[in-house]
Amino acid sequence: MTRSDLLALTPDTLASLANRGLVKRADKDVAAGSGPEVTVGADGTVRGTFPDGTETALPPGRGLDAADCTCPAAGMCRHRIALVLAYQRGTPDEAAPTADEPSADWSPGEFDDDALAAALGRTALTAAHRTRARGYSARVHRPTAEDPAPRVELPSCTVRFPVPHELGYALTDAATALRGEVITLAVWAFRAADAEQRTEVTVGGRTASGRTAPTAAADEALRAAVALADELLLDGVRQAGPVFTGSLRRAERALAATSQHWPAGAVADLREQLDAYTARATRHTPERLALLLAELHARHRAAGHDPAGVLGTAEAATTPLRRVRLVALGCRIGGSVRDRTAETYFAHADAGIALVLRTRWDVAEDRSPTGHDLATRRLLGSPLHALATANVVSEHTTRAADRTVVLSRGRIAATSITPVGSAWTELPESLLVRDTAAHLRARGERPPRLIRPRVEADAVRVIMVDAVDEIGYDPAAQRLEAVLRDPAGNGVHVHAEYNPLCPGGLDALAAALNDDTVRAVSGILGRARGRTVLDSLAVLTADGVTVPDLAPGAGGATLGTAARPSADPITAALEAALTTLADAAHQGLRHLTPATRTALAESAARLRRTGLESAARLLDDLARTLHDQGAPAAAPRWVTAQIHLATTLELHREDG
């Protein structure tokens, strides 16, 4: 009997099942002739007898963790890995699966619940049923020639199926205690995706009518948060004191307690905007405040359509992960006069996604540290600049549904930090992009940002660089602009705005991009004005990784002038109208100045001249209701106009 499951186990898969150290040691033993003598029983069990007398057996249909071994090691051991490697080396080449075999095109949705129970246990199936009853969202990735292992992105972990038609070898970054449950959820996600012919699905949580029936507590929590947003919209930020901030904090806790994580995140950001306004911090902007107010209303309005995707219902606030290997992709520095923040981005190669680690430091009144000053602050026993350019292996990691992570050294759990080396170029295709146009096409249609899952680092990627065509500085926008070419010949517009907390950042970025040995750039990938754009985080050259936000310098280098993009009347009209709506929310609809009322009429006229008749009517309706019926009646009109204009601008920027 041919054991195709063992033949499908690649070194990377074996490393995920165990660790790279065990795989290397086992491979060395087999190469040196210290491997096992391999026999295959009539039932397909592969047995190995080692020179030291150790005996190992791999029954068919079961994973390596269920194998029998007489060695004293607890859990995975080198003997099991060595038996797999020895079996593979002793198998004729013609028995090995090839890339064009039908087995590469399969779906984990083929497993029924009986197979799940047999492989994972009834307890795991029962726990998964509880999650499905509440509903959950997932994104499935079907096998391709470049990545033949189908995988599922669940809200708080990822599940991969590296061996076709076998459940025993499924991999997940969730802790061992959750393994059976999350694999079951992943199989159900594939079933739903296969039935609906989609890649993003919502599973369970629906009544016979097809709509989710929210609990009374969940509905009350969401309505209370929307009511607070209305109160802020009517009275403005100047009237929002500590009592109102406390109400927001209670609303955030109530939303989180009812598993409405995306509205809870919006309320948290709204509270931070008010704190930033009180502290006169640059993090506060009227435009950001207006978007958050609109987001809460948009999620409330769309909740009945897809609660799992729109509200983040039934998603665990945090999930403990087993041993993970993360590859740092750079760092972003922010803050105010009172604090500094660092967002360190990581690629989780086994899961094929990016994660972010957030750190905050208080700042003394007489201090103003730059990003370069923060580079020496220690995290997990290493300076920030080392962590932001490192390979991190952690046995004590917690991941939230929004893909933020917490890393801890722990008393027993170990965390190792080593230089990143060439790890960027070894990332999977979901993170390492060689053809940006194809990558963005494959991403497909997404919901508008206002109701999209609040997932951090969702668009962070590493772009391979074939050439850098031009670099320049736009003094009016205080922004560095560059155009690079990926290996497929696509142009990618790299941009980075000047950050006063990181004065040497633009100089460091320009120098790295000018380096003849530049190999890759990490950043947030998207589209704007019909172009592929990358908001850069770090640059890989032959000398290593440069993180501009942590670079030294005062920003005194001379940079060439970038060509100014041509004016876009539609974008200008939408931005002007949104600025007016943001000013209205900032002041409060009850306290609008005559200038803002005039600006509403002027914005409507400008929208009409550019052909945006629907948007113009919404502003006219808002102005008329304010005049005739007052602020409370006008609040829903403001919300509708803000949602319509913000979504229109988002789509226009992407399509150009």
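Further up the page is the structure itself.
Fair warning: this is a prediction, and the values are worked out from it, not measured in the lab.

(A) The arrangement of the overall build of the protein chain in detail. Across its full length, the protein chain carries 20 helices and 27 strands. Computed over its C-alpha atoms, the radius of gyration of the protein chain comes to 27 Å, within 12% of the 26 Å expected for a compact globule of 656 residues. Along the first, second and third principal axes, the C-alpha atoms of the protein chain reach 90 × 65 × 45 Å. Residues counted as buried form 52% of the 656 residues belonging to the protein chain. Excluding contacts between residues fewer than 6 apart, the proportion of contacts in the protein chain whose partners are at least 24 apart in sequence is 66%. Surface exposure of the protein chain reaches about 29300 Å², of which carbon and sulfur atoms provide 50%. Counting 73 positive and 80 negative side-chain charges, the protein chain places the centres of these two groups 5 Å from one another.

(B) Region of the structure containing the pairing of strand 22 (residues 467-474). One ladder, built from seven bridges, connects strand 22 with strand 23 (residues 479-485); its direction is antiparallel. Following the sheet pairing, Gly472 is matched in strand 23 by Glu481. Connecting the antiparallel pair strand 22 and strand 23 is a turn made up of four residues, with Gln478 showing a positive phi of about 50°.

(C) View of the packing of aromatic side chains. All chains considered together, the criterion is met by two aromatic pairs. Between Trp106 and Phe111 the ring centres are 6.2 Å apart and the planes differ by 85°, which places this aromatic pair in the edge-to-face class. Here Trp106 falls in the buried class, since its relative accessible area comes to 5%. Given a relative accessible area of 10%, Phe111 falls into the buried group. When the ring of Trp106 is compared with that of Phe161, the centres are 6.4 Å apart and the planes differ by 90°; the resulting orientation is edge-to-face. Residue Trp106 is found in the loop between helix 4 (78-89) and helix 5 (113-120), and its partner Phe161 is found in the loop between strand 7 (158-160) and strand 8 (171-172); the two are separated by 55 residues along the sequence. Summarising the burial analysis for this pair, Trp106 and Phe161 share the class buried. Put simply, the rings of Trp106, Phe111 and Phe161 touch in pairs and so form one group of aromatic residues. Here the basic side chain of Arg132 rests over the ring of Trp188, its NZ or CZ set 3.8 Å away from the ring centre.

(D) How the structure looks around empty space enclosed by the protein. All told, the structure shown has one cavity of 30 Å³ or more when counted by the stated rule. In this structure, the largest cavity occupies an estimated 100 Å³ of space. Every residue lining the largest cavity is listed: Thr158, Val159, Arg160, Leu171, Thr172, Asp173, Arg322, Arg323, Val324, His348, Asp350 and Ala351. Sorting the residues of the lining of the largest cavity by element identifies strand 7 and strand 8 as the ones contributing at least two each. Tallied by class, residues from the lining of the largest cavity come to four nonpolar, three polar and five charged.

(E) Examining the sheet that holds strand 18 (residues 405-407) more closely. Spatially, 10-17-18 is the arrangement adopted by the three strands of the open sheet, whose pairing is antiparallel. The outermost strands of the open sheet, each flanked by one partner alone, are strand 10 (318-321) and strand 18. Averaged over all pairs of adjacent strands, the angle between strand axes in this sheet comes to 25°, irrespective of strand direction. Relative to strand 17 (residues 397-400), strand 10 runs antiparallel, the two sharing four bridges. Note that in strand 17 the partner of Pro320 across the bridge is Thr398.

(F) View of unusual backbone geometry. Of note, the phi angle at Gln197 is positive, near 55°, even though the residue is not glycine. A relative accessible area of 64% means that Gln197 is categorised as exposed. Residues other than glycine seldom take positive phi values, yet Leu380 does so here, at roughly 55°. Within the secondary structure, Leu380 sits in the loop between strand 14 (378-379) and strand 15 (382-383). Overall, the relative accessible area of 16% leaves Leu380 in the buried class.

(G) View of the pairing of strand 17. Here strand 17 pairs with strand 18 via three bridges, running antiparallel. Counted as the bridge partner of Thr398 is Val406 from strand 18. Hairpin connection from strand 17 to strand 18: four residues lie between these consecutive antiparallel strands, with Arg403 at a positive phi of about 70°.

(H) Just the pattern of salt bridges, in detail. Here the structure, examined in full by the defined rule, presents 33 salt bridges. Between Asp621 and Arg624 there is a salt bridge whose closest N-O contact spans 3.6 Å. Here Asp621 pairs with Arg624, and both are found in helix 19 (residues 613-628), just three residues apart, close to one helical turn. In this structure Asp621 comes out as partly exposed when scored by relative accessible area, which is 24%. Connected through salt bridges with shared partners, the residues Arg139, Glu153, Glu200, Arg403 and Asp458 form a single ionic network.

The rules we used
- Residues numbered from 1 in each chain as written.
- Predicted model: local features only at pLDDT ≥ 70, side-chain atom pairs only at ≥ 80, totals over all residues.
- Heavy atoms only, no water.
- Helix = DSSP H or I, 4+ residues; strand = E, 2+ residues; numbered from the N terminus.
- Rg over C-alpha atoms; globule rule 2.2 N^0.38 Å.
- Buried < 20%, exposed > 50% of the residue type's maximum accessible area, 1.4 Å probe, protein only.
- Contact = heavy atoms within 4.5 Å.
- Areas by Shrake-Rupley, 256 points an atom, 1.4 Å probe, with all protein chains shown as cover.
- Lys, Arg positive; Asp, Glu negative; His and termini not counted.
- Charge placed at Lys NZ, Arg CZ, Asp CG, Glu CD.
- Pairing = 2+ DSSP bridges.
- Phe/Tyr/Trp six-rings, centres within 6.5 Å; stacked < 30°, edge-to-face > 60°.
- Lys NZ or Arg CZ within 6 Å of the ring centre and 35° of its normal.
- 1 Å grid on protein atoms, 1.4 Å probe; cavity = no way out; pocket = protein on both sides within 12 Å on 5 of 7 lines; lining within 4 Å.
- Points joined across faces, edges and corners; volume = space filled by probe spheres on them.
- Nonpolar A, V, L, I, M, F, W, Y, C, P; charged D, E, K, R; others polar.
- Axes fitted to C-alpha atoms, helices over the stretch in contact; angles between N-to-C directions.
- Salt bridge = Lys/Arg side-chain N within 4 Å of Asp/Glu carboxyl O.

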